[in-house]
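So the chains spell out like this:
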Amino acid sequence: MDVPYDLTSYVRVLKMATTPTTEEFLQVSKIAGAGILLIGLMGFLIGGIMILLTGGL
């Protein structure tokens, strides 16, 4: 493991990184929120199907 090389590559990435604009942040937040809701809905539906198939609570 070449530590100086790793550190220089990390510094280079940090220098290229920029703060997102408000529009970019809102778009990413909406997409992430939609993904979380979709996964939660899928889990809820699978849980409901499993309850129906096994016959109750």
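It should be emphasised that the depicted structure is a prediction, and the values quoted were computed from it without experimental measurement.

Reading the values: the criteria
Residues numbered from 1 in each chain as written. Predicted model: local features only at pLDDT ≥ 70, side-chain atom pairs only at ≥ 80, totals over all residues. Heavy atoms only, no water. Helix = DSSP H or I, 4+ residues; strand = E, 2+ residues; numbered from the N terminus. Rg over C-alpha atoms; globule rule 2.2 N^0.38 Å. Buried < 20%, exposed > 50% of the residue type's maximum accessible area, 1.4 Å probe, protein only. Areas by Shrake-Rupley, 256 points an atom, 1.4 Å probe, with all protein chains shown as cover. Expected span 1.5 Å × (residues − 1). Polar contact = N/O pair within 3.5 Å; in protein donor to acceptor, adjacent residues only side chain to side chain.

Peer 1: Give a detailed account of the overall build of the protein chain, specifying residues and quantitative values.
Peer 2: What the protein chain contains, in helices and strands, is two helices and zero strands. Here the C-alpha radius of gyration of the protein chain, 22 Å, is well above what a compact globule of 57 residues would show, namely 10 Å. Considering only C-alpha atoms, the protein chain reaches an extent of 60 × 35 × 10 Å along its principal axes. The buried share of the protein chain, taken over its 57 residues, is 4%. Of the roughly 5500 Å² of accessible surface on the protein chain, 75% is carried by carbon and sulfur atoms.

Peer 1: So, helix α2 (residues 22–54): which residues are in play, and what are the values?
Peer 2: Counted at 1.5 Å a residue, the expected span for α2 with its 33 residues is 48 Å, and the 48 Å between its end C-alpha atoms agrees. Residue G55 follows α2 closely and has a positive phi angle near 90 degrees.

Peer 1: I'd like a rundown of the environment of T54, residues and numbers included.
Peer 2: Mapped onto the secondary structure, T54 falls in helix α2. For T54, a relative accessible area of 62% puts it in the exposed group. Polar contacts involving the side chain of T54 include one to the main-chain carbonyl oxygen of M50, which spans 2.8 Å. Separated by 3.4 Å, the side chain of T54 and the backbone oxygen of I51 make a polar contact.

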